[in-house]
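# A look at the structure
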Amino acid sequence: LWQATRPCVMGSIITAPLRLLSSCLGACVGTCVSVSCLKLADSGTVSSAAAARCVLAWLQLFSLAFAVAVSRLPSEWLAVPCSRLEIVGLVEVGICGCEAVLDEDCWSTQSVSRAAAATTAVFLGLLVLTLSGCAVGAARRHEVGKFMAVVLLWLLLLLLPNRVFSDFRLAAAVLSVFFLVVQSIIFMDGAYTWNELWFGYAMRAQANL
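Because the structure is predicted, anything quoted here is derived from the model rather than measured. (Residues numbered from 1 in each chain as written. Predicted model: local features only at pLDDT ≥ 70, side-chain atom pairs only at ≥ 80, totals over all residues. Heavy atoms only, no water.)

## Overview of the overall build of the chain
- Assigned secondary structure in the chain consists of ten helices and zero strands.
- Counted from the first residue to the last, the chain has its helices and strands arranged as α-α-α-α-α-α-α-α-α-α.
- Expressed as a percentage of its 209 residues, the buried residues of the chain come to 26%.
- Of the roughly 13,800 Å² that the chain leaves accessible, carbon and sulfur atoms contribute 71%. (Helix = DSSP H or I, 4+ residues; strand = E, 2+ residues; numbered from the N terminus. Buried < 20%, exposed > 50% of the residue type's maximum accessible area, 1.4 Å probe, protein only. Areas by Shrake-Rupley, 256 points an atom, 1.4 Å probe, with all protein chains shown as cover.)

## Quick word on the nonpolar core
- Judged by nonpolar contacts, the single largest core of 25 residues is most densely connected at Phe66, Ile95, Trp107, Ala115, Val122 and Trp154.
- For this core, the elements supplying multiple residues, two or more each, are α5 (49–71), α6 (75–87), α7 (106–131) and α9 (143–157).
- In this view, valine 122 contacts Leu59, Lys146, Ala149, Val150 and Leu153; residues no more than four positions away in its chain are not counted. (Core = buried A, V, L, I, M, F, W, Y, C linked by side-chain atoms within 4.5 Å. Contact = heavy atoms within 4.5 Å.)

## A short note on a nonpolar patch on the surface
- A surface patch of nonpolar side chains, about 600 Å² in accessible area, is lined by Val174, Leu175, Val177, Phe178, Val181 and Ile185.
- The residue leucine 175 is located in helix α10 (residues 162–207) in this model.
- The class of leucine 175 is exposed, set by a relative accessible area of 55%. (Patch = residues over 30% accessible without salt bridge, like charges linked within 9 Å, V, L, I, M, F, W, Y side chains within 5 Å. Salt bridge = Lys/Arg side-chain N within 4 Å of Asp/Glu carboxyl O.)

## Side note on the layout of surface pockets
- In this structure, the largest pocket occupies an estimated 550 Å³ of space.
- Surrounding the largest pocket, Gln60, Leu64, Val112, Ser113, Ala116, Thr120, Phe168, Arg169, Ala172, Leu175, Ser176 and Phe179 form its lining.
- When residues of the lining of the largest pocket are traced back to their parent elements, those giving at least two are α5, α7 and α10.
- Residue contributions to the lining of the largest pocket peak at six residues, all from α10.
- Broken down by class, the residue content of the lining of the largest pocket amounts to seven nonpolar, four polar and one charged. (1 Å grid on protein atoms, 1.4 Å probe; cavity = no way out; pocket = protein on both sides within 12 Å on 5 of 7 lines; lining within 4 Å. Points joined across faces, edges and corners; volume = space filled by probe spheres on them. Nonpolar A, V, L, I, M, F, W, Y, C, P; charged D, E, K, R; others polar.)

Okay, structure coming up:
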């Protein structure tokens, strides 16, 4: 009854912060741009489970491409806003802590870690919504908002300390072992199903001869 009277809308979680910031966005970049972003996040609906799975596959590919893209960003791209923050007394905030590290790969590593964390957060959010009864809204609505959420979360995660994502990388390395086991089981099950399907086709074709 609760689900029937109060439908779940996954996109509202993504668009709620944008709605709160719409007045600020309107003042900074124009009302047209802010409204367009809100409409874009609200758009995108699929009508079948197969299409929803396809969107999730594309979301993974997009996240991978985004992680590769941010890993190639020159350090100066982030060093410039970090220098501006130092003017107002905000030293080594978030990813800006890489300025105090001698490792030249710090910027790239931390950027990719934040992209991975943003992607994980989006998929975990979809999982929680699905388990809480919002399966239709999480799977088939606001598809564009899911892609936007990865980028928006990445930008927000730039403000968190680097040590958080160093710990995230360690945890991900451990959990990836279980992920690979699950993926292997799914792959093997799919292979057996495919074999049984085509074996059945072959037997029926032979019987018809």
